[in-house]
Structures are given as structure tokens and as C-alpha cells.
Amino acid sequence: MQKIDFTVLMPVYNTKAAELKEAAFSVHKSKQNIKQEYNVLLIDDGSTNEDTLQALKELELIDGFRVHYKKENGGTSSALNKGHELAGTEWVAIMGSSDISFPNRFKLQIEHLVKNPDIDVLGTQLFSFKESDPKRKPIYTTSHAYERTLIDSPYGWLTNHGTAMYKLSSVNEVGGYTLQGRYQDVDLWKRMALAGKKIRTLNTVTYAWRKAGI
């Protein structure tokens with residue numbers, strides 16, 4: 001299979017240690033079906049939780065993980081943009097720090113991107129589950145069309161952020177993440193769509209989104 005060099009980018013802020021480790025290992029090269037080398041870059045956004053910091057120190061000792069520590073909390077957009085500076089690859093795959101990627105995720109995405117090199121952003125479907133549910137029963141599953149446009153979603157929910165793999169040069173062309181707080185992803189997708197970038201979503205669930213607090 002033809003390879004595309006990519007870095008997994010995971011912003012972290014006071015994530016529970018057990019959830020952080022599960023999320024990180026779910027995208028580690030030892031757990032994914034794709035047969036190529038890549039790194040998982042964790043950007044700690046000024047965490048103060050000692051368990052989080054200890055988990056990061058443990059991950060840092062394992063081949064395939066890189067950790068960068070920001071001195072102050074600047075928000076998710078700040079952490080993601082710092083990750084862009086440090087990635088060192090043309091492609092970036094996003095991963096939430098308490099979520100779970102399935103073993104087929106990157107294999108499916110890379111195979112599709114090799115066949116469709118004009119795509120700028122490629123996501124997949126996901127399901128959400130309650131943090132309190134040990135069986136992780138899906139409470140909601142997305143059903144994005146392969147090509148979702150601003151006519152379908154004027155505010156910009158064009159693919160699922162945690163599942164996204166994107167061409168970093170295309171993201172940088174529109175200024176990266178600019179919105180602070182929530183919805184920085186839909187803001188980015190909207191600007192990319194307006195700039196003519198191609199955003200697509202595979203019709204396969206490869207990601208479980210942990211809904212905190214329920």
C-alpha cells in the first residue's frame with residue numbers, strides 16, 4: 001500500500017489519566033492496522049492535574065509518542081496550532097484525548113487519500129457514548145454524506161473533527177484554527193469550504209466519542 005506521511009495530533013488538558021492512555025494507545029502504531037511508521041504528538045496545554053502529567057511522562061518514554069508541554073493553558077485552538085508547527089509532516093490526523101479510534105481508522109483513510117489525492121480533509125463517521133457507561137453503548141451515530149456542503153450545514157459541520165485527517169498546507173492557507181473556545185473545528189471547515197478545499201467523510205464508523213459528565 002502506498003504511504004502518506006502523517007502525524008497524529010492530540011491536544012491534552014487535564015484529561016483523566018486512564019482515558020488519556022486509552023485514547024493515545026488507540027492511535028499508536030502498535031494498535032492500528034496500517035503498516036507504516038508515524039508519531040503521535042501530544043500537546044499538553046498547561047495541564048495542572050498531576051495524574052494527567054504523570055500519564056504524559058509515561059507515554060513520553062514509549063517509542064511512537066512525542067509530548068510537547070505548553071507552559072500556560074491557551075485553549076484547544078492554541079494547542080492545535082502549536083501541533084501544526086511541530087508536526088513535521090504534510091498530513092495531520094486529529095485525535096481527542098479521551099476518545100477511542102478503531103484499529104481500521106488510518107488504513108481506511110490512507111487508502112482513500114491515495115486514490116483521491118485532491119481531497120484536503122477526510123473524516124469518518126463516529127458514535128458517542130456516555131462516560132458513565134462501561135459497555136459504551138452508542139447514544140448517537142453520525143450519518144454525514146460523503147460530500148457535505150455549506151448548503152447542508154451553513155455553520156460548517158462538514159465532517160467530524162476527532163476523525164479528521166487533513167493536509168496541513170491546506171489548513172495553513174486559511175490561517176489554521178482561529179476561533180477560541182468551542183466550535184473551532186466548524187469554523188475551520190467553513191473557511192476551508194469557502195476557499196474551495198475538498199472535505200469528505202467516509203461512510204464507516206471508526207471513532208467513539210466519550211461524552212463527559214453523563
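Residues numbered from 1 in each chain as written. Predicted model: local features only at pLDDT ≥ 70, side-chain atom pairs only at ≥ 80, totals over all residues. Heavy atoms only, no water.

(A) Local environment of the environment of Trp 91. For Trp 91, the position within the fold is in strand 4 (residues 91-94). The class of Trp 91 is buried, set by a relative accessible area of 8%. Linking Trp 91 and Leu 53, residues 38 residues apart in sequence, is a C-alpha distance of 27 Å. Dropping the residues within four chain positions of it, Trp 91 is found in contact with Ile 4, Asp 5, Phe 6, Thr 7, Leu 113, Ile 119, Asp 120, Met 165, Tyr 166 and Lys 167. (Helix = DSSP H or I, 4+ residues; strand = E, 2+ residues; numbered from the N terminus. Buried < 20%, exposed > 50% of the residue type's maximum accessible area, 1.4 Å probe, protein only. Contact = heavy atoms within 4.5 Å.)

(B) The arrangement of helix 6 (residues 184-194) in detail. Listed in full, the buried residues belonging to helix 6 are Gln 184, Asp 185, Val 186, Leu 188, Trp 189, Arg 191 and Met 192. Contacts made by the buried residues of helix 6 are with helix 3 (76-87), strand 6 (121-130), strand 8 (165-167), helix 5 (168-173) and strand 9 (199-211). Just past helix 6, the residue Gly 196 takes up positive phi, approximately 85°.

(C) Representation of the environment of Ile 62. Mapped onto the elements of the fold, Ile 62 is located in the loop between helix 2 (50-60) and strand 3 (65-70). Taking the relative accessible area as the measure of exposure, Ile 62 reaches 32% and is therefore partly exposed. Sequence-wise, Ile 62 and Asp 118 are 56 residues apart; in three dimensions their C-alpha atoms are separated by 34 Å. When sequence neighbours within four positions are dropped, the list of residues in contact with Ile 62 reads Phe 25 and His 28.

(D) Region of interest: the nonpolar core. In terms of nonpolar packing, the biggest core is built from 31 residues, with Phe 6, Val 8, Met 10, Leu 20, Leu 42, Phe 106 and Met 165 touching the most fellow members. With residues up to four places along the chain from it excluded, the contact list for Val 8 reads Val 27, Tyr 38, Asn 39, Val 40, Leu 41, Ala 93, Met 95 and Phe 106. Counting 20 residues, the second largest nonpolar core, distinct from the first, contains Leu 9, Ala 79, Ala 164 and Val 171. (Core = buried A, V, L, I, M, F, W, Y, C linked by side-chain atoms within 4.5 Å.)

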